[in-house]
Amino acid sequence: MGQVTKGMWVEHQHGLGRILVIDEQEQVALVESHSDHEQYAVPIEELEEQLQMHNGCDRYY
């Protein structure tokens, strides 16, 4: 995956979520799950950008 940014929609082992915070030193992102709003610390290399979701829109197009 390329550059990760705060607010980006991503897929990870827990499903679809939005990046809340990025710890570049530890290479971990805090991701809030779209379905249940739980928060997970996910290694950046495990994230896959979800291009069908856009900032400001909470549904697929």
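See above for the structure.
**Some details on the nonpolar core**
Phase 1: Val-4, Met-8, Val-10, Ile-19, Ala-29, Val-31, Val-42, Ile-44 and Leu-47 together form the largest nonpolar core, which totals 9 residues.
Phase 2: Not counting residues within four places of it along the chain, the set of residues in contact with Val-42 comprises His-12, Gln-27, Val-28, Ala-29, Val-31 and Leu-47.

**Quick notes on the sheet that holds strand β1 (residues 9-12)**
Phase 1: Ordered in space as β4-β3-β2-β1-β5, the 5 strands form an open sheet in which the pairing is antiparallel. Looking at which strands have only one partner, the edges of the open sheet turn out to be β4 (39-43) and β5 (48-49).
Phase 2: The pairing of β1 with strand β2 (residues 15-23) spans 4 bridges and is classified as antiparallel. Along β2, the bridge assignment pairs Val-10 with Gly-17.

**So, the side chain of Ser-33**
Phase 1: With respect to the helices and strands, the residue Ser-33 is situated in strand β3 (residues 28-33).
Phase 2: Polar side-chain contacts of Ser-33 include one of 3.1 Å to the side chain of Asp-36.
Phase 3: Those residues in contact with Ser-33, other than ones at most four positions away along the chain, are His-14, Leu-16, Gly-17, Glu-38 and Tyr-40.

Quick notes on the rules
Residues numbered from 1 in each chain as written. Predicted model: local features only at pLDDT ≥ 70, side-chain atom pairs only at ≥ 80, totals over all residues. Heavy atoms only, no water. Core = buried A, V, L, I, M, F, W, Y, C linked by side-chain atoms within 4.5 Å. Buried < 20%, exposed > 50% of the residue type's maximum accessible area, 1.4 Å probe, protein only. Contact = heavy atoms within 4.5 Å. Pairing = 2+ DSSP bridges. Helix = DSSP H or I, 4+ residues; strand = E, 2+ residues; numbered from the N terminus. Polar contact = N/O pair within 3.5 Å; in protein donor to acceptor, adjacent residues only side chain to side chain.

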